[in-house]
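# Inside the fold
This is what each chain is made of:
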Amino acid sequence: MSRRGAAVTLCFLLRDTPAGTEVLLGMKRTGFGKGKIVGIGGHVEPGETDQEAVIREVFEETGLSVLPEDLVDAGAVRFVFPARPEWNMETSLFTAWTWQGEPAESDEIVPEWFPARRLPTDRMWQDADHWLPVVLEGGQVNVVVTMHTDNESVASSESLLP
């Protein structure tokens, strides 16, 4: 995929509980999306692969260690902000069922487990319910999400998969 915005990665750590599958998300404390519940991840630094970036970001934000072989490619989402093109992002998505450690707060994220079937969408970016349930069910996505000029609500969501 050619990059048409900032290279970003997200990892959705999953675990089975007696009540069903849970996903680790986090309340953003700083920067872009502050106050929202978001996936764990961030920008790909120069010279990093998407996998290296997501492993680093998961560790920096939660203290958890994920190995490359534990990452499952869940596809990509391109975020288009017509009113703020500098916010455009090409996001690589991963899931993982295996990691080391216990989630801990960082300066950037307050991690919290949520039921995968009852996401806190009222506290998330509005695009999450357009693609995240598919990822959490083990599927792959290739989606373009175009935001309205308010930079909050979704104008359109288009799957590029056949």
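Before reading further, recall that the structure is shown in the block above.
Just so it is clear, the model here is predicted, and its values are computed rather than measured.

### Concerning the packing of aromatic side chains
In total, this model carries seven aromatic pairs according to the counting rule given. Here the aromatic rings of Phe-12 and Trp-131 are separated by 6.0 Å at their centres, their planes lie at 65°, and the arrangement is edge-to-face. Placement of Phe-12 in strand β1 (residues 6-17) and of Trp-131 in helix α2 (residues 128-136) is noted, with a sequence separation of 119 residues between them. A relative accessible area of 1% places Phe-12 in the buried class. Residue Trp-131 is classed as buried on the basis of its relative accessible area, which comes to 4%. Here the aromatic rings of Phe-81 and Trp-87 are separated by 5.4 Å at their centres, their planes lie at 80°, and the arrangement is edge-to-face. Judged by relative accessible area, Phe-81 falls into the buried class, the value being 2%. Joined through ring pairs, the aromatic side chains of Phe-32, Phe-81, Trp-87 and Trp-125 make up one cluster. Over the ring of Trp-125 we find Lys-36, and its NZ or CZ is 4.7 Å from the ring centre.

### Thoughts on the environment of Glu-152
Secondary-structure assignment places Glu-152 in the loop between β8 (141-147) and β9 (154-159). Measuring from C-alpha to C-alpha, the distance between Glu-152 and Gln-126 comes to 6.8 Å, with 26 residues separating the pair along the chain. A polar contact of 2.9 Å, which involves the side chain of Glu-152, links it to the side chain of Lys-36.

### Concerning the pattern of salt bridges
Evaluated as defined, the whole model comprises 11 salt bridges. Here Glu-105 makes a salt bridge to Arg-29, at a shortest N to O gap of 3.2 Å. Here Glu-105, found in the loop between β6 (89-96) and β7 (109-115), pairs with Arg-29, found in the loop between β2 (20-28) and β3 (37-38); they are 76 residues apart in sequence, far enough to count as distant. On the basis of relative accessible area, Glu-105 is assigned to the exposed category, the value being 53%. Notably, a salt bridge pairs Arg-117 with Glu-137, separated by 3.7 Å at the nearest N-O pair. In this pair, Arg-117 is assigned in the loop between β7 and α2 and Glu-137 in the loop between α2 and β8, connecting sequence segments 20 residues apart. Where salt bridges share partners, they join Glu-45, Glu-48, Arg-56, Glu-57 and Glu-60 into one cluster.

So, how was this worked out
Residues numbered from 1 in each chain as written. Predicted model: local features only at pLDDT ≥ 70, side-chain atom pairs only at ≥ 80, totals over all residues. Heavy atoms only, no water. Phe/Tyr/Trp six-rings, centres within 6.5 Å; stacked < 30°, edge-to-face > 60°. Helix = DSSP H or I, 4+ residues; strand = E, 2+ residues; numbered from the N terminus. Buried < 20%, exposed > 50% of the residue type's maximum accessible area, 1.4 Å probe, protein only. Lys NZ or Arg CZ within 6 Å of the ring centre and 35° of its normal. Polar contact = N/O pair within 3.5 Å; in protein donor to acceptor, adjacent residues only side chain to side chain. Salt bridge = Lys/Arg side-chain N within 4 Å of Asp/Glu carboxyl O.

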